[in-house]
Structures are given as C-alpha cells and as structure tokens.
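# Remarks on the overall topology
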Amino acid sequence: MKRLMPFFMVAIFFLGACSAEQPPGKVEPTASKQATPEQLTLAAGQKIYESNCAGCHDSGVGGAPKLGDKKAWNGLLSRGKDFLLQHAIQGFEGKKGAMPPKGGNESLSDEEVKNATTYMISKLGVRSSDDNREPMEKYQ
Ligand code: HEC
C-alpha cells in the first residue's frame, strides 16, 4: 500500500490540475441553476419579509415574535405551519399584541405572505418543507 502512495499523490495532483484548468465559465452556470424551488421560495420570502414584516418582526415591536428567536416561536410552531400562516394572512389579536392581516399590506397575495412566513420559519433552523409539526424539543 505504501508503495502506491506516490501514484495516488500524482493522480490527485492531476485531478486537481484538470479541474483547475476548466474555464470558470463552464462551471458557474450549472452552479447557479442548482437553486432548488425551496431556495427560490426563501429568496422571494426574504424580500417580502424585509419590506413588509421586518418593521415589527426584526425588533419585536408590539410583542411580535422576533425573526430567528427560537424561544419566542417555541410553541407557536407546534400548532402547525398552516395555523401560523392563517394568522399571518388574516391577522389576529394575540396575548402579546396585534398582528395585522398580511402585515398591513393588503396588496400582498396569500402566496407572498406564505413565502414570507416560510422564510421566517426557516430562520428557526426548521426545514421549510410542509412538515407541519416538528418536534419542539429542538428549540428548547
Ligand atoms: C405592525 C407590526 C407587524 C407587522 C408589520 C407584521 N407582524 Fe406578524 N406579528 C405581529 C405581532 C404583534 C405578532 C404576535 C401577536 C401575539 O402573539 O399576540 C405577530 C405574529 C406573527 C406570526 C405568528 C402567528 C401566531 O399564530 O402566533 C406570524 C407567522 C407572523 N406574525 C407573520 C408576519 C408576516 C409574514 C408579516 C409580513 C407580511 C408580518 N407578520 C408583519 C406584528 C406584526
């Protein structure tokens, strides 16, 4: 085995050299095409979030659960993503404050609010798939 090492080293060197020689243009397009629908949803959701929801949810204004604050979201998520989404779209008055329908921007489509909510949930380290009920031990 030891005697083979130099050959491996040479092989690895050549493999490295080959990929380095590829023009960068050839590699990049495939990389950017690899954005999954999930990533696109999150990117779209982030934009909606930043312009419509961040005002309250970044700082926790009026009792809004903060973005990425696992403690604040703990318990909310256990009710299921659909439930949260319904609240985000229709608005609701909770114990902590009032969440306006669609964050106060009625021109948003349900889909846009859904993407923003998916983005917010993704910041908790939960996959944005439709797994409605994640075990909450994860956030404690
Ligand atoms: C004017 C401030 C404000 C804006 C803007 C706002 N929210 Fe909220 N949101 C709140 C408050 C306050 C709560 C918590 C109310 C409570 O629990 O008593 C909340 C709660 C939520 C919840 C948790 C729902 C639940 O059942 O507990 C979700 C999801 C949510 N907001 C999504 C959004 C989305 C998506 C946007 C942007 C489209 C948005 N919010 C914009 C104030 C806001």
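Note that the structure is predicted; figures quoted are calculated from it, not measured. (Residues numbered from 1 in each chain as written. Predicted model: local features only at pLDDT ≥ 70, side-chain atom pairs only at ≥ 80, totals over all residues.)

Turning our eyes to something else, we now look at the nonpolar core. In terms of nonpolar packing, the biggest core is built from 16 residues, with Ile48, Tyr49, Cys53, Val113, Ala116, Tyr119 and Met120 touching the most fellow members. Counting only elements with at least two residues in this core, the list comes to α3 (37-57), α5 (81-90) and α6 (110-122). Once residues lying within four places of it in the same chain are set aside, the contact partners of valine 113 are Ala88, Ile89, Lys102 and Leu108. (Core = buried A, V, L, I, M, F, W, Y, C linked by C-beta atoms within 7 Å. Buried ≥ 20, exposed ≤ 12 C-beta atoms within 10 Å, placed from the backbone. Helix = DSSP H or I, 4+ residues; strand = E, 2+ residues; numbered from the N terminus. Contact = placed C-beta atoms within 7 Å.)

This part is about the environment of cysteine 53. If you trace the backbone, cysteine 53 turns up in helix α3. For the pair formed by cysteine 53 and glycine 103, sequence separation is 50 residues and the distance between their alpha carbons is 5.9 Å.

Bringing unusual backbone geometry into the picture now. In this model, lysine 102 sits at a positive phi of 55 degrees, which is unusual for a non-glycine residue. Structurally, lysine 102 can be placed in the loop between β2 (98-99) and α6.

With that out of the way, let us pick up the environment of aspartate 110. Tracing the chain through its elements places aspartate 110 in helix α6. For aspartate 110 and glutamine 90, which are 20 residues apart along the polypeptide, the C-alpha to C-alpha distance reads 9.5 Å.

Contact pair α3 / α6: the axes reach a minimum separation of 7 Å and the direction vectors enclose 85 degrees. In terms of orientation, α3 and α6 fall into the roughly perpendicular class. Across the interface between the two elements, Thr41, Leu42, Ala44, Gly45, Gln46, Ile48, Tyr49, Asn52, Cys53 and His57 of α3 pack against Glu112, Asn115, Ala116, Thr118, Tyr119, Met120 and Ser122 of α6. The residue makeup of the contact of α3 with α6, split by class, is eight nonpolar, eight polar and one charged. (Axes fitted to C-alpha atoms, helices over the stretch in contact; angles between N-to-C directions. Parallel < 35°, antiparallel > 145°, perpendicular 65-115°, else oblique. Nonpolar A, V, L, I, M, F, W, Y, C, P; charged D, E, K, R; others polar.)

Everything listed here is a matter of coordinates, which is why it stays silent on function.
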